[in-house]
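Now for the letters of each chain:
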Amino acid sequence: MSPPDVPGRGTAANPPNRYEPLHVELEPDPDSDAPPAPTVFYRDTSRTILAENDSPDVGFRFSLNPYRGCEHGCIYCMQPDTPVLHADMAWRPIGEVRVGDVLFGFDEFPEPGRTRKFRPAVVEAVWWSRRPTLRLVTERTEVVATAEHRWLQARDFRWSQTRQLAAGRRLRYVPVVTEDFDDDYRVGYLAGMTLGDGTFRYQPGWRSARLGFPAAYWRVALADQEPLLRLLEILARFGVEAGVRAFRIRPPARRAMEAVEVRSLARLAIIHALLNAERDGRSYRRGFLAGFFDAEGNNGDSLRLSQVDVSVLERVQRYAAGLGFRFELEPRPGKASTLRLVGRLVDRIRFFSTCRPAILRKIGALYGCEMNVEPETVLAVEPGPVTDVVDIQTSTGTFFAAGLATHNCYARPTHEYLGFSAGLDFERRIMVKEDAPELLRQALASRRWEPQVVALSGNTDCYQPVERRLEITRRCLEVFAEFRNPVSAITKSALVARDADLFAELARHGAAHVLFSLTTLDPELARRMEPRAARPERRLEAMAAVARAGVPVGVMIGPVIPGLNDAEIPRILEAAARAGAQSASWVLLRLPKPVDELFERWLEERYPERRARVLARIRDTRGGRLSDSSFGHRHRGQGEYAEQIAALFAAAAKKHGLDRPFPPLETAAFRRPPTPGAQLSLL
């Protein structure tokens, strides 16, 4: 038995919502065969109404969105205690990640002909939910994640979901080191920094220089501030107060330098005791290497530590060997000799995670390096508990979790930033801007507003089924008509015919046109692709009704799916022309993550016999991939097959008189009606 033709649901569990619900139930669309599904609407309390867009291939600057929500849902989550790698090479639980944190990420996809490279990944969104999970067990790590979570395979560098993995598969991996700071580490860091780039002039028993003793002080001067701040924290931990001050040397250094300096004899005695205490455990060695690297280290083509005193380098070499790192001594008589870390790039990552130096600039030299990490063999994928899970969105779409290269959610940012979980929220938790008409009136009445086209809407369809009851879009149109501000609307709902009178009023001033989104004329394909939208014939009837009212109408075929509905382009344009359309456009299907997986699954369930052909043709139009977000290509694609679609559309549009764009919308009739109670102008 085939699955029911209803929109996909990512999860039935969602975290509490911070907005007050309106307690409105979704009114079933009478044109849809899908069973009704409960939808919760939340009051959008933001005080702005017009969203500004600066994309070069979108034909409007401002848009108005009475409703915000999404139809598809798919989430990628992990348990809160899963360690993720931050930009400072620390592994911290994903449950502690906050928006604005910078993680250590990598390219979601490599550039054509190149390999993936490491990149800084800024956390843009964080949310929690409660979900069924799977336990992914590998040779060196394990992680509890949702079945949909994606991991980067080592063999072919493809993204695979947790549920698609099996014993023997290999993933990309970097070692996890979760050791934290303790006092031994702090003393080691103080010692390494002092030995590397510090000056310490003090002996027990010394008294004031005014009594004939040498001037006593301890000082570390650097151009990077992170080590100095760490030194202040360490000294304060042991009762030594100090501060950071400007440090001038002759001749002037290329970079401004600052110093931490202590001259109090009592405090110098404490530092002397710390530096001479017998500590040689793992934490002390980690801290010592971190301090010495911050003082004398370099991270370029390789990781190197330099010092004139070879005996100091031999001590560093011994400490590093105790932590599992092999440094090779490269002596340079009469000059600073060098220790070079032997191994691959992953050994440098492990060094930074183990020792945790403070200078981010040096660690950041890894960005842009090829992602040369280790393969990790999957041992088992087992059922996990239903538990609280956390997901994040990063600027790269990637990060490292429990050592494994992984992908975060690629959801629509406008919904993520609202605090919803991914999953069912995307299609059944809709933000409603009840006061949109009032806010719009304020915006248009402002002297700062320059009359221009506003798109209705730029995010989701402004004629969602609940609009029948709330009439927010209609009341916004009343405001546009009052000010005669031009409006361009696009919808796939027949409900737009209800507002033909308002569009007609605007159209009399050259200030309105309406685009109808029409993907197919095949009733079965329409039922499967858009089960909650009006049937194709109802959209054509609405198009005719709006056109009869004197409103310029057009058709937008979108998305065009190569191998599925592209052959219908001539039929769609012919039907639209009969319904009164004056113009036509089209948009090619683009499948960003995770929509690609949703679409592939949809093809497998609905059209398994066409799956391979459709995906192959999409890749033909996207440079071998399923998505291309670059401006100039994302709407039309490129390559021979994309050119064939464009030629087919152009020929059919010309045949039916739809090859001309709408005339530009006019702003000449714009007016600001007097506000109630305002004094009329005498002129």
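Computed from a predicted model, the values in this text were never measured in an experiment.

A. Just the sheet that holds strand 3 (residues 62–64), in detail. Here 7 strands make up an open sheet; going across it, the order is 2-3-25-26-27-28-29 and the pairing mixed. Taken across any chain shown, the strands that pair with only one partner, and hence form the sheet edges, are strand 2 (50–52) and strand 29 (583–588). Between one strand axis and the next, the sheet turns by 25 degrees as a mean value, whatever way the strands run. Direction of pairing for strand 28 (residues 553–560) relative to strand 29: parallel, over a ladder of 5 bridges.

B. Broad picture of the nonpolar core. Among the nonpolar cores identified, the biggest contains 70 residues, and Leu64, Leu440, Phe503, Met543 and Leu573 are the most heavily contacted of them. With 7 residues, the single largest contributor to this core is helix 12 (residues 472–483). Setting aside residues up to four positions removed in sequence, leucine 440 forms contacts with Ile49, Leu50, Leu64, Cys476, Val479 and Phe480. Judged by nonpolar contacts, the second largest core, of 64 residues, contains Leu274, Phe288, Leu345 and Ile349.

C. Spatial organisation of the packing of aromatic side chains. Under the defined criterion, the tally for this structure stands at 21 aromatic pairs. Above the plane of the ring of tyrosine 189 lies arginine 230, whose end atom (NZ or CZ) is 4.9 Å from the centre. Positioned above the aromatic ring of phenylalanine 293 is the side chain of lysine 362, whose terminal nitrogen or guanidinium carbon lies 5.2 Å from the ring centre.

D. Quick look at the confidence of the model for the protein chain. In this model, the protein chain carries a mean pLDDT of 84, and residues with pLDDT of at least 70 account for 84%. A low-confidence stretch, residues 70–75 stays under pLDDT 50, and its non-local contacts, those more than four residues away or across chains, total 34 contacts. Counting interchain partners and residues more than four positions distant, the pLDDT-below-50 stretch residues 410–417 has 31 contacts.

E. Main features of the packing of helix 1 (residues 183–197) against helix 2 (residues 225–237). The geometry of helix 1 relative to helix 2 is characterised by a closest axis approach of 10 Å and an angle of 125 degrees between their N-to-C directions. Accordingly, the angle class assigned to the pair helix 1 and helix 2 is oblique. Considering only the axes of helix 1 and helix 2, their crossing is left-handed. The residues of helix 2 that touch helix 1, namely those facing Asp183, Tyr185, Arg186, Tyr189, Leu190 and Met193, are Pro227, Arg230, Leu231, Ile234, Leu235 and Arg237. Residues that form the contact of helix 1 with helix 2 fall into these classes: 8 nonpolar, no polar and 4 charged.

F. How the structure looks around the pattern of salt bridges. In total, this model carries 35 salt bridges according to the counting rule given. The partner of aspartate 88 in a salt bridge is arginine 92, and the shortest N-O contact between them spans 2.6 Å. Exposure remark for arginine 92: the relative accessible area of 27% places this residue in the partly exposed category. Put simply, Arg304, Arg326, Glu328, Glu330 and Arg340 are held in one network by salt bridges that share partners.

What counts, and at which threshold
Residues numbered from 1 in each chain as written. Predicted model: local features only at pLDDT ≥ 70, side-chain atom pairs only at ≥ 80, totals over all residues. Heavy atoms only, no water. Pairing = 2+ DSSP bridges. Helix = DSSP H or I, 4+ residues; strand = E, 2+ residues; numbered from the N terminus. Axes fitted to C-alpha atoms, helices over the stretch in contact; angles between N-to-C directions. Core = buried A, V, L, I, M, F, W, Y, C linked by side-chain atoms within 4.5 Å. Buried < 20%, exposed > 50% of the residue type's maximum accessible area, 1.4 Å probe, protein only. Contact = heavy atoms within 4.5 Å. Phe/Tyr/Trp six-rings, centres within 6.5 Å; stacked < 30°, edge-to-face > 60°. Lys NZ or Arg CZ within 6 Å of the ring centre and 35° of its normal. pLDDT = per-residue confidence, 0-100. Parallel < 35°, antiparallel > 145°, perpendicular 65-115°, else oblique. Left-handed = near helix turned anticlockwise from the far one by under 90°. Nonpolar A, V, L, I, M, F, W, Y, C, P; charged D, E, K, R; others polar. Salt bridge = Lys/Arg side-chain N within 4 Å of Asp/Glu carboxyl O.

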